[in-house]
Amino acid sequence: MSIGARRRQRAVVKVGSSSLTDGAGVLSVAKMERLVKQIAELQREGRWHVVLVSSGAIAAGLGKLGWQRARISMPEKQAAAAVGQTALMEEYERLFAREGLHVGQLLLTRADVEDRKRFVHIRNTVQALLRHEIVPIINENDTVAVEEIRFGDNDSLAGLAALVSEADKLVLLTDIDGLYTANPRTHPEATRIDEVAEITDEIERLAGGAGSAVGTGGMRTKMTAAKAAVQAGVEVVIASAQTPDVLRRALSGEPVGTRFLPAAQPVSLRKSWLMHAPKPEGALTIDAGAVHALLTGGGSLLVPGIVSVTGDFQEGAVILLQNVKGDPVGKGITSFSARDLDDLLARRRSGEDLHNVHEVVHRNDMVLVMEANAR
């Protein structure tokens, strides 16, 4: 069954392990059932398509195997994820089937979204699933992810899933009903912040940023995900999974949890990906004139503005742009390999005029630090 030409609104819903397990850390079918029923009702109403980012694979595996998390090695944790992912998806498939819905699983690592082509393929897969009324269920691929390609938490994955699915809203369900002025578990006088118009340094400190003594456990990663989403024009809600009918209320704009308003002038999907997905493969140090031209003139980076090349990268790689002090200026997609750029710099030093060489990093393939910080 396919939907009409005008797409429904899209919501990414992330649910943490604590919201899916019981006190012993074992999957709670009752909690999963409440979540599935809410998603199914939203789909049947015809206004929303939902992408689910679900934790719980390792917890499910540990419960099934009888292992204790604190006493197992990383390979054993990945083995538990392999066992638990099957159990988790079997339960989701059973519960959604009772609601007349199919599910599709996507297991991702950071390497999958750092590569632009793979990012686009993932986006196309999600779009196809949604068109056919299939609920995408996304999780980190814990069985193969090593430290350098891990998201490290499903909050970060949810923020990128919002970009992948071109979502309108992102709902982060957790065991606390939003962002507070202090940690409500240790500060009874703390009050919940109902709405955040802009994620400032002060807001990030409340979530557990550098120098904070009041952050709630897990809130810092949620703030990182929220920042990525609102910059791309996605509204974010952090709310308690135990709040009755929380998804409908969050998506309809009711005052549940903490709501983060989207940027008034969001960056494009491509620039959002550049900001948050890929790690740079190398760096270009650029002179003061080039920095000024990029920050004030909206131009592209040309060969004459490059001072030096760091790293061994190929054409099409994502690279860091930095000033001569090493401060980041932005990120971009290079039109030349590191070897080609070294050759061009050598030719320039010999006196050759290289102003006719096309852009090293085109303005459309570049995002600047000032653009990220302005939102």
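Structure: above.
Residues numbered from 1 in each chain as written. Predicted model: local features only at pLDDT ≥ 70, side-chain atom pairs only at ≥ 80, totals over all residues. Heavy atoms only, no water.

Participant: Got a minute to help me understand the packing of aromatic side chains in this structure?
Facilitator: Two descriptors summarise a pair of aromatic rings, namely the distance from one centre to the other and the angle between the planes of the rings. What the rule picks out here adds up to two aromatic pairs. Look at Y92 and F96: their rings are 6.3 Å apart centre to centre, the planes differ by 35°, and that puts the pair in the tilted class. Here F96 and Y92 lie together in helix 3 (residues 74-98), a separation of four residues that amounts to about one turn. Pair check on accessibility: Y92 and F96 agree, each one buried. Plain terms: the ring middles of F119 and W273 are 6.1 Å apart, the flat faces sit at 50° to each other, and that makes the pair tilted. Separated by 154 residues along the polypeptide, F119 in helix 5 (residues 116-131) and W273 in helix 10 (residues 269-276) bring together distant segments of the chain. (Phe/Tyr/Trp six-rings, centres within 6.5 Å; stacked < 30°, edge-to-face > 60°. Helix = DSSP H or I, 4+ residues; strand = E, 2+ residues; numbered from the N terminus. Buried < 20%, exposed > 50% of the residue type's maximum accessible area, 1.4 Å probe, protein only.)

Participant: Before we go on, may I ask you to explain the nonpolar core in this structure?
Facilitator: As a rule of thumb, soluble globular proteins bury nonpolar side chains together. Within the largest apolar cluster, 51 residues are counted, with the highest numbers of intra-cluster contacts made by L179 and F260. A total of seven residues in this core trace back to one element, the largest contributor, which is helix 6 (residues 154-164). Not counting the four nearest positions on each side in its chain, L179 is found in contact with T191, R192, I193, I203, L206, A207, M219, M223, T258 and F260. (Core = buried A, V, L, I, M, F, W, Y, C linked by side-chain atoms within 4.5 Å. Contact = heavy atoms within 4.5 Å.)

Participant: What is the right way to look at unusual backbone geometry in this model?
Facilitator: In this structure, E133 takes a positive phi of about 60° despite not being glycine. Backbone geometry at D245 places phi at a positive 55°, although glycine is not the residue there. On the secondary structure map, D245 appears in the loop between strand 7 (235-240) and helix 9 (246-251). Exposure remark for D245: the relative accessible area of 32% places this residue in the partly exposed category.

Participant: Where do I start with the pairing of strand 7 in this structure?
Facilitator: Consecutive side chains of a regular strand alternate in pointing toward one face of the sheet and then the other. In terms of residue burial, strand 7 counts as a mostly covered element, since six of its six residues are buried. The side-chain alternation of strand 7 yields two buried faces, one formed by E235, V237 and A239 and the other by V236, I238 and S240. The sheet contact formed by strand 5 (residues 169-174) and strand 7 spans six bridges and is parallel. Paired with L173 across the bridge in strand 7 is A239. Taken together, the three bridges between strand 7 and strand 8 (residues 258-260) define a ladder with antiparallel strand orientation. Counterpart to V237 in the pairing with strand 8 is R259. (Pairing = 2+ DSSP bridges.)

Participant: Please explain the sheet that holds strand 7 as it appears in this structure.
Facilitator: Working definition: the strands of a sheet are paired by backbone hydrogen bonds and lie parallel or antiparallel to each other. Reading across from one edge, 3-4-2-1-5-7-8-6 is the order of the eight strands in this open sheet, with mixed pairing throughout. Edge positions in the sheet fall to strand 3 (102-108) and strand 6 (195-196), since each of these pairs with one other strand and no more. Two elements, strand 3 and strand 4 (residues 134-140), share seven bridges in a ladder whose sense is parallel. Each residue of the ladder has a partner; that of L108, found in strand 4, is E140.

Participant: What is the right way to look at the side chain of D155 in this model?
Facilitator: In this structure, D155 sits in helix 6. Given the relative accessible area of 3%, D155 is considered buried. Side chain to side chain, D155 and K14 meet in a polar contact 3.1 Å long. Ignoring any residue separated from it by four or fewer positions in sequence, one finds D155 in contact with K14, L172, G218, T221, K222 and A225. (Polar contact = N/O pair within 3.5 Å; in protein donor to acceptor, adjacent residues only side chain to side chain.)

Participant: Is there a simple way to explain the packing of helix 1 (residues 29-45) against helix 3 in this structure?
Facilitator: Where helix 1 contacts helix 3, the two axes come as close as 10 Å, and the packing angle between them is 45°. Relative to helix 3, the element helix 1 is oriented oblique. Read as a crossing pair, helix 1 and helix 3 show a hand that is right-handed. Note on element contacts: helix 3 touches helix 1 through L88, E91, Y92, R94, L95, F96 and R98, opposite V29, M32, E33, L35, V36 and I39. The residue makeup of the contact of helix 1 with helix 3, split by class, is nine nonpolar, no polar and four charged. (Axes fitted to C-alpha atoms, helices over the stretch in contact; angles between N-to-C directions. Parallel < 35°, antiparallel > 145°, perpendicular 65-115°, else oblique. Left-handed = near helix turned anticlockwise from the far one by under 90°. Nonpolar A, V, L, I, M, F, W, Y, C, P; charged D, E, K, R; others polar.)

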